[in-house]
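# Results of the structural survey
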Amino acid sequence: MNSIESLRDALLASARHIAALGLNPGAAGNLSVRQGDGMLITPSGLPWEELTRIDFVAVAADGSYAGPRAPSSEWQLHRDLYAARPEFGAIIHTHAPFCTALACLHRTIPPFHYMVARFGGHDVRCAVYATYGTTALSEATLIAMDDRNGCLLGNHGMVVAGRDLRHAQALAVELESLAEQYWRACQLGEPVLLPEDEIARVREKFKGYGVR
């Protein structure tokens, strides 16, 4: 099996797993892996549980693509993140319920829990709203993702990016878990926030976290 076939199989397994967890309802969201100067990305308008390995679209750096299906409308967001952040090898965007609820409030996730540090800083930012599939959304995402590997998208959903598909998938699950924990904590009162120096210590400890 060649490398692109292996990537298609890995993408399919990840998309089905994320859909099964309820992190991406219907045909919302998109998933990609870096491939050379371009990427393989989910197609437009196809529910993830209906995907087959041949449905993923190869998109070049200039946005051109080949195959029977068009790429996700968010291909530019993925392309621009890969261009700006060479350390990213996979990107996942979903409309996960708790992340989306907080995003609709334009709510940053503050350091209420030390696992916030896993996303690169003392909070998880929320990008300003922009229409889906536009350059404006891509630009807003790049700002919110500066020095981060995850963010919320205002009135939209969430984005995470990892060194590979396995890492990105773990971050997607973790971000939705944090969003739910924060939402639940806020129902009881104002969460106690950790100081920045503690988050900095945790970030140092996380440098080897999950590395094989």
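Our structure's up above, just so we're on the same page.
Here we summarise the structure given alongside this text. (Residues numbered from 1 in each chain as written. Predicted model: local features only at pLDDT ≥ 70, side-chain atom pairs only at ≥ 80, totals over all residues. Heavy atoms only, no water.)

Our focus in this paragraph is the pattern of salt bridges. The full count for this structure, using the stated rule, is 10 salt bridges. The partner of D55 in a salt bridge is R69, and the shortest N-O contact between them spans 2.9 Å. Residue D55 is found in the loop between β2 (38-41) and β3 (57-59), and its partner R69 is found in the loop between β4 (65-66) and α2 (75-84); the two are separated by 14 residues along the sequence. Residues R148 and D123 are paired through a salt bridge, measuring 2.8 Å at the closest nitrogen-oxygen approach. Here the residue R148 occupies a position in the loop between α4 (135-144) and β7 (150-153), and D123 occupies one in the loop between α3 (97-104) and β6 (126-127), the gap between them amounting to 25 residues. Taken together, the salt bridges that share partners define one network made up of D197, E198 and R201. (Salt bridge = Lys/Arg side-chain N within 4 Å of Asp/Glu carboxyl O. Helix = DSSP H or I, 4+ residues; strand = E, 2+ residues; numbered from the N terminus.)

Attention now goes to unusual backbone geometry. With glycine set apart, most residues show a phi of negative sign, and most peptide bonds adopt trans. The phi dihedral of D147 falls on the positive side, at around 60°, and the residue is not glycine. Tracing the backbone through its elements, the reader meets D147 in the loop between α4 and β7. Within the chain, N155 stands out as a residue other than glycine whose phi angle is a positive 55°.

Enumeration according to the criterion identifies three aromatic pairs in this entry. Ring geometry for F98 against W183: centres 5.6 Å apart, planes inclined by 65°, an arrangement best described as edge-to-face. Of the two residues, F98 is situated in helix α3 and W183 in helix α5 (residues 165-188); the sequence distance between them amounts to 85 residues. Ring centres of Y114 and F206 lie 6.4 Å apart, and the angle between their planes is 35°; on these two criteria the pair is classed as tilted. Residue Y114 is found in the loop between α3 and β6, and its partner F206 is found in helix α6 (residues 196-206); the two are separated by 92 residues along the sequence. Of the residues examined, Y114 reaches a relative accessible area of 42% and is grouped as partly exposed. Residue F206 is classed as buried on the basis of its relative accessible area, which comes to 14%. (Phe/Tyr/Trp six-rings, centres within 6.5 Å; stacked < 30°, edge-to-face > 60°. Buried < 20%, exposed > 50% of the residue type's maximum accessible area, 1.4 Å probe, protein only.)

Let's shift gears to the side chain of H93. By secondary structure assignment, the location of H93 is in strand β5 (residues 90-94). A distance of 3.5 Å separates polar atoms of two side chains, one belonging to H93 and the other to H95. Setting aside anything within four residues of it in sequence, one finds H93 in contact with N24, G29, N30, W48, E74, L153, H156, G157, M158 and V159. (Polar contact = N/O pair within 3.5 Å; in protein donor to acceptor, adjacent residues only side chain to side chain. Contact = heavy atoms within 4.5 Å.)

Such coordinate-based values are descriptive only and should not be taken to indicate function.
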